[in-house]
Amino acid sequence: MAITSYPFDAQAITETQFSQMFREFQDSGVVASYEASGFLVSAGTAMAVNVQPGLAFLRGHMVQSTATEPVTIPAASTQVRVDRVILRLDPAVNSIVLAVKQGTAGSTTPPALTQADTGIYEMALAQITVNANVTSITSGDITSTRSITGNRIGSWATVTRPASPRKGQLGYNNNTSSWEFWNGSAWTPLLSSVDWGTLSGTPTVFPPSAHTHKWGDITDRPSSLPPSGHTHDWSQVTGKPTSYVPSAHGHDWDVITGKPGSYPPSSHSHTWASVTSKPTTFPPSGHSHGSYLESGDTISWANGTKRVHADSVSGSGTYYAVWVQGDGTFARNTSSRRFKQNIRDIAIAPDAVLSLRTRVYDRRPKDEGDDYLRDEFGLIAEEVAETLPEIVTYDETGRIDALRYDLLGVALLPVVQDQSARIERLERLVEELTR
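Residues numbered from 1 in each chain as written. Predicted model: local features only at pLDDT ≥ 70, side-chain atom pairs only at ≥ 80, totals over all residues. Heavy atoms only, no water.

A look at the overall build of the protein
For the protein, the count of helices and strands is 4 helices and 21 strands. Within the protein, contacts between residues separated by at least 24 positions form 46% of all contacts whose residues are at least 6 apart in sequence. For the protein, the accessible area works out to roughly 32000 Å², and carbon and sulfur atoms hold 53% of it. (Helix = DSSP H or I, 4+ residues; strand = E, 2+ residues; numbered from the N terminus. Contact = heavy atoms within 4.5 Å. Areas by Shrake-Rupley, 256 points an atom, 1.4 Å probe, with all protein chains shown as cover.)

Structure follows, in structure tokens:
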């Protein structure tokens, strides 16, 4: 087996050897950016097309055109065909020239290129659709198929990718606007796309978040709407009389002005049956108790006083949160495992907690004549029941009554844990993308 090395001084170097060497420096193609006009084919006059000036490599040989060159397309036949405008390298005559390869009438497949390793090598510049019986070529009949080169990381269209790429060859595909490489058998995106099906840990359902819709997007809406309870400014009312004869009528207590703040009770009496909230039993009179409540209650006043807010919890003894049961009995709140059974996990959707809406409202007065308690803020039990019924309580008739605000913090734990898990996943993703 002979070993040949070149080029060296006083050594005869063949054209084939130079071609083999130079083609390793540069792929075959037009030396320009993808948007440049080098060797770009455009419509000319009648059946001629124009090829713009340019510079190109063909299998280690270079060709340069310094002026626009007209190339005539063969006359049309009675059936459509697809021709090719090409650059043809012919080592036998030491030239690279512009040429036309005529397609087959009745076929929309362009003619095959000849790309021999040492003989004729052809590189396509454009495909020309020659419609039946036409006498001119328009710009709509021309499809550019130039291969663009200039460095080993190429730029091309899908149809002009390198014909014989080596594994790992990298280039930018102008059709897909993405980088791709040859993996040995196919062109593969450099960055794989991610779709929903490839993600792990995705939820199967999504609770709707608080949102709005435009009226035009709502289907099955009524064509007309009865007016809801509303008011008008007096100045907006037309046709009103100038004076009014008072009719028998009444007024809500809260609309009456100038009423006294309190009333001395008049001499009166009540039947026992009409008295509400009366105790069912009474302690015997003529004695007192120490620090304990009456009627069977077992919660003692803190330190023998009713001033829990003034007492420190830093001393000895045990302190409890106190509950009032539906029948008025006091009970202490316990959390130890020994008071519980059938302990199990509960699935609370974080979005159910996040959908809760903080509201501002006025508290209805306890008794007629009392002032409103204005601008309180909190949650509305009926709204909470729609997404987080676990913290809603009901009265003895089954009506929604109150909220277990102490459990709201427990319900927030899944939200915090879910957000913590999301943050960890995002941090890992960012770390992977920045490597």
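So, helix 4 (residues 405–433)
Residues spaced three or four apart along an α-helix face the same direction, because each turn holds 3.6 residues. Along its 29 residues, helix 4 runs 43 Å from first to last C-alpha, staying within 8% of the 42 Å computed at 1.5 Å per residue. Among all positions of helix 4, only Ala411, Pro414 and Val415 are buried. Where helix 4 is buried, its residues meet helix 2 (350–354). (Expected span 1.5 Å × (residues − 1). Buried < 20%, exposed > 50% of the residue type's maximum accessible area, 1.4 Å probe, protein only.)

A word on the packing of aromatic side chains
Summed over all chains, the structure comprises 4 aromatic pairs. Residues Tyr172 and Trp179 carry aromatic rings whose centres are separated by 5.4 Å and whose planes lie at 65° to one another, so their mutual orientation is edge-to-face. Measuring from centroid to centroid gives 6.1 Å for Trp196 and Phe206, while their planes differ by 50°, and the two rings are tilted. Of the two residues, Trp196 sits in the loop between strand 15 (187–189) and strand 16 (322–324) while Phe206 sits in the loop between strand 15 and strand 16, which places them 10 residues apart along the sequence. This pair shows no difference in class: Trp196 is exposed, exactly as Phe206 is. A connected cluster of aromatic rings, assembled from ring pairs, spans Trp156, Trp182 and Trp187. (Phe/Tyr/Trp six-rings, centres within 6.5 Å; stacked < 30°, edge-to-face > 60°.)

With respect to the environment of Arg363
As for its position among the elements, Arg363 is in strand 18 (residues 359–363). What makes Arg363 partly exposed here is its relative accessible area of 41%. Separated by 14 residues in sequence, Arg363 and Phe377 place their C-alpha atoms 9.8 Å apart. A distance of 3.0 Å separates polar atoms of two side chains, one belonging to Arg363 and the other to Glu376. (Polar contact = N/O pair within 3.5 Å; in protein donor to acceptor, adjacent residues only side chain to side chain.)

Some words on the pairing of strand 14 (residues 178–182)
As a general feature of sheets, a regular strand has side chains that alternate between the two faces. Here 4 bridges tie strand 13 (residues 170–173) to strand 14, and the two strands are oriented antiparallel to one another. Looking across to strand 14, one finds that Asn173 is bridged to Ser178. The loop that links strand 13 with its antiparallel partner strand 14 comprises 4 residues; one of these, Ser177, has a positive phi angle of about 55°. Hairpin connection from strand 14 to strand 15: 4 residues lie between these consecutive antiparallel strands, with Gly184 at a positive phi of about 110°. (Pairing = 2+ DSSP bridges.)

Brief notes about the sheet that holds strand 2 (residues 41–43)
Spatially, 3 strands are ordered 2-3-6 in an open sheet, and the strand pairing comes out antiparallel. At either end of the open sheet lies a strand with only one pairing partner, and these are strand 2 and strand 6 (69–72). Each strand of the sheet is rotated relative to its neighbour by a mean of 35°, with strand direction disregarded. Where strand 2 and strand 3 (residues 48–51) come together, 3 bridges link them in antiparallel fashion. (Axes fitted to C-alpha atoms, helices over the stretch in contact; angles between N-to-C directions.)

Focus: a nonpolar patch on the surface
Together, Ile153, Trp179, Leu190 and Leu191 make up a nonpolar patch on the protein surface, roughly 440 Å² of accessible area in all. Turning to its location among the elements, Leu191 is positioned in the loop between strand 15 and strand 16. Look at Leu191 and you get exposed, because its relative accessible area is 73%. (Patch = residues over 30% accessible without salt bridge, like charges linked within 9 Å, V, L, I, M, F, W, Y side chains within 5 Å. Salt bridge = Lys/Arg side-chain N within 4 Å of Asp/Glu carboxyl O.)

Brief notes about the sheet that holds strand 7 (residues 81–90)
Adjacent strands of a sheet pair through backbone hydrogen bonds, lying either parallel or antiparallel. Spatial strand order, 8-7-9-10: 4 strands in an open sheet with antiparallel pairing. The open sheet is flanked by strand 8 (95–101) and strand 10 (142–144), the only strands paired with a single partner. The mean inter-strand angle of the sheet, taken between neighbouring strand axes irrespective of direction, is 20°. Two strands pair when backbone bridges link them, and strand 9 (residues 121–130) and strand 10 are joined in this way by 3 bridges, in the antiparallel orientation. Bridge pairing in strand 10 links Ala126 to Ser144.

Regarding unusual backbone geometry
The residue Ala46 is not glycine, and still its phi comes out positive at about 55°. Of note, Ala46 is situated in the loop between strand 2 and strand 3. Even without being glycine, Asn133 reaches a positive phi, approximately 65°. Following the sequence through the fold, Asn133 ends up in the loop between strand 9 and strand 10.

Things to note about the pairing of strand 21 (residues 400–403)
Sheet topology places strand 20 (residues 392–394) next to strand 21; 3 bridges connect them, and they run antiparallel. For Val392, the partnering residue across the bridge sits in strand 21 and is Leu403. Here strand 20 folds back onto strand 21 in antiparallel fashion, the turn holding 5 residues, of which Gly398 has a positive phi close to 90°.

Points about the environment of Val97
By the element assignment, Val97 lies in strand 8. The sequence separation of Val97 and Ser65 amounts to 32 residues, and the corresponding C-alpha distance is 9.7 Å. When near neighbours in sequence (up to four residues on either side) are disregarded, Val97 contacts Ile86, Leu87 and Arg88.

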